[in-house]
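Examining the three-dimensional arrangement
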Amino acid sequence: MTMIYRRVGSSGLKVSALSFGAWVTFGKQIGDPVAEKLMHTAYDAGVNFFDNAETYADGKAERVMGAILRKAGWPRDTYLVSSKVFFGAEREGPNQVGLSRKHVVEACHAALQRLQVDYLDLYYCHRPDPEVPIEETARAMHDLIVQGKVLYWGTSEWSADNLREAFEVCARLNLHRPIVEQPQYNLFHRRRVEHEYAPLYRSPGLGTTIWSPLATGLLTGKYNDGVPPDSRLNTPGMEWLRDRLTGDPAFARRVAAVKELARIAGELGTSLPRLGVAWCLKHPQVSSVILGASRPEQLQENFGALAIVDQLTPEVMKRIDAISRPVAD
Ligand code: NDP
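Residues numbered from 1 in each chain as written. Predicted model: local features only at pLDDT ≥ 70, side-chain atom pairs only at ≥ 80, totals over all residues. Heavy atoms only, no water.

**Quick notes on the overall build of the protein chain**
- Helices and strands together make up the secondary structure of the protein chain, namely 13 helices and ten strands.
- Here the C-alpha atoms of the protein chain give a radius of gyration of 19 Å, agreeing with the 20 Å that 2.2 N^0.38 yields for 329 residues.
- Here the C-alpha coordinates of the protein chain stretch approximately 55 × 45 × 40 Å along the principal axes.
- Burial status across the protein chain gives 56% buried among its 329 residues.
- Restricting to contacts in the protein chain with at least 6 residues of sequence separation, those with at least 24 account for 78%.
- Only carbon and sulfur atoms are counted for the fraction: they give 51% of the accessible area of the protein chain, which is about 13800 Å². (Helix = DSSP H or I, 4+ residues; strand = E, 2+ residues; numbered from the N terminus. Rg over C-alpha atoms; globule rule 2.2 N^0.38 Å. Buried < 20%, exposed > 50% of the residue type's maximum accessible area, 1.4 Å probe, protein only. Contact = heavy atoms within 4.5 Å. Areas by Shrake-Rupley, 256 points an atom, 1.4 Å probe, with all protein chains shown as cover.)

Given below as structure tokens:
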């Protein structure tokens, strides 16, 4: 299995098509030695992008990742590391959340400290903030880039209209513009990536680093017969996610779809997780699929997706589509 690298939209930045993120796991579900093994497994497989956010485990995920990066001593030009601002870290006072200039700048400084790096390669606005003019946020991001504390900025779960406004403001004021959006994308969540953002891929050339490629584990088949005790949905503090996933009116139909997808995976001689990740990789505008994992074996397994992308012929994609589209958002 050889890693491939894709440009992030029309920027010059190259990202591994499979990357690795810290949500739920680092500083929460797993111990630090497991986190370290996961980072090494990813790096050794050619992953060059590690995704994080101020809010993951209230800042602890960044601390754990920072300690691992420092200990590993990998050359800084061999990897990208991100943070995201909006939800806050340890505290949630009026200026400790959101996208004001004050919080965007202070959250960046805090993330640099926790991650023990001199600059963030990618700095995302984790959600849009209706209380802050986009111009204020864009200027703060631009200034951080000019200061060398951030190399590129992006957004996460912004609407196409939010993004258009950001592009317009940046073009008018000659500011660095966002190069990348981080949306959810998987067989059960498709609309935004496939339709809403479509015009923005052509102009100005938006890239995407997509999250929850396996629908937070549902597409692995692990929830077909209930919630296993050692799974994410059974992790203390994640009750809201369990309720959201299993309480969705489409949950039973999605489990049925997962069972049908398992048959296709079997015919191709592969596994469900590989099929789900490879399907995400088929989308040409996906710059990187951000994987999550609580065990190194899961990452090893999911890296195998790279080898089966070519097996997803138009005919196979049509069959997958017929199963997933009726139960997708
Ligand atoms: P997935 O949908 O791939 O879910 C990952 C989880 O699925 C794992 O932690 C594991 O859970 C299970 N899993 C993965 N592979 C396997 C396998 N081969 N066999 C069995 N189980 C498997 O991705 P995430 O939801 O973790 O999202 C990935 C990253 O995206 C995050 O780490 C984060 O960086 C980013 N993200 C960004 C968001 C945003 O708003 N911008 C929101 C959410 C995520 P288990 O422990 O149960 O085994």
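Okay, back to it.
**Digging into the packing of aromatic side chains**
- This structure, assessed with the given rule, holds seven aromatic pairs.
- Between Phe-50 and Trp-74 the ring centres are 5.9 Å apart and the planes differ by 15°, which places this aromatic pair in the stacked class. Taken together, the residues Phe-50 in strand β4 (residues 49-51) and Trp-74 in the loop between α3 (60-72) and β5 (80-85) connect sequence positions 24 residues apart. Here Phe-50 matches Trp-74 in class, with each residue buried.
- Every member of this aromatic cluster is reached through a ring pair, and the members are Tyr-43, Phe-50, Trp-74 and Tyr-79.
- Between Arg-76 and the ring centre of Tyr-119, over which it is positioned, the NZ or CZ distance is 4.1 Å. (Phe/Tyr/Trp six-rings, centres within 6.5 Å; stacked < 30°, edge-to-face > 60°. Lys NZ or Arg CZ within 6 Å of the ring centre and 35° of its normal.)

**Structural notes on the nonpolar core**
- In this structure, Phe-20, Phe-26, Phe-50 and Tyr-123 are the most contacted members of the largest nonpolar core, which totals 102 residues.
- Setting aside residues up to four positions removed in sequence, Phe-26 forms contacts with Phe-20, Ala-35, Met-39, Ala-57, Ala-61, Val-64, Met-65 and Ile-68. (Core = buried A, V, L, I, M, F, W, Y, C linked by side-chain atoms within 4.5 Å.)

**What to know about the layout of surface pockets**
- For the second largest pocket, the calculated volume is near 220 Å³.
- In terms of lining, the second largest pocket is formed by Glu-54, Ala-89, Glu-90, Arg-91, Asn-95, Gln-96, His-103, Glu-106, Ala-107, Ala-110 and Arg-114.
- Each residue belonging to the lining of the second largest pocket can be placed in one class, and the counts come to three nonpolar, three polar and five charged. (1 Å grid on protein atoms, 1.4 Å probe; cavity = no way out; pocket = protein on both sides within 12 Å on 5 of 7 lines; lining within 4 Å. Points joined across faces, edges and corners; volume = space filled by probe spheres on them. Nonpolar A, V, L, I, M, F, W, Y, C, P; charged D, E, K, R; others polar.)

**A few points about the site of the ligand**
- The local shell around the ligand holds 33 residues, among which Asp-51, Ser-212, Lys-222, Arg-232 and Ser-294 are the closest.
- Interatomic distance of 3.0 Å between a side-chain N/O atom of Arg-127 and an oxygen atom of the ligand.
- Contact between the ligand and Lys-222: an oxygen atom at 2.5 Å from a side-chain N or O atom of the residue.
- In isolation the ligand has 910 Å² of accessible area, and contact with the protein removes 95% of it.
- Put simply, the parts of the chain that give the shell around the ligand at least two residues each are β10 (286-291) and α12 (296-303). (Near = heavy atom within 4 Å. Polar contact = N/O pair within 3.5 Å; in protein donor to acceptor, adjacent residues only side chain to side chain.)

**Let's talk about the environment of Asp-321**
- Mapped onto the fold, Asp-321 is located in helix α13 (residues 314-324).
- As for Asp-321 and Leu-187, which are separated by 134 residues in sequence, their C-alpha atoms are 8.3 Å apart.
- Not counting the four nearest positions on each side in its chain, Asp-321 is found in contact with Arg-190 and Pro-326.
- Polar contacts involving the side chain of Asp-321 include one to the side chain of Arg-190, which spans 2.8 Å.

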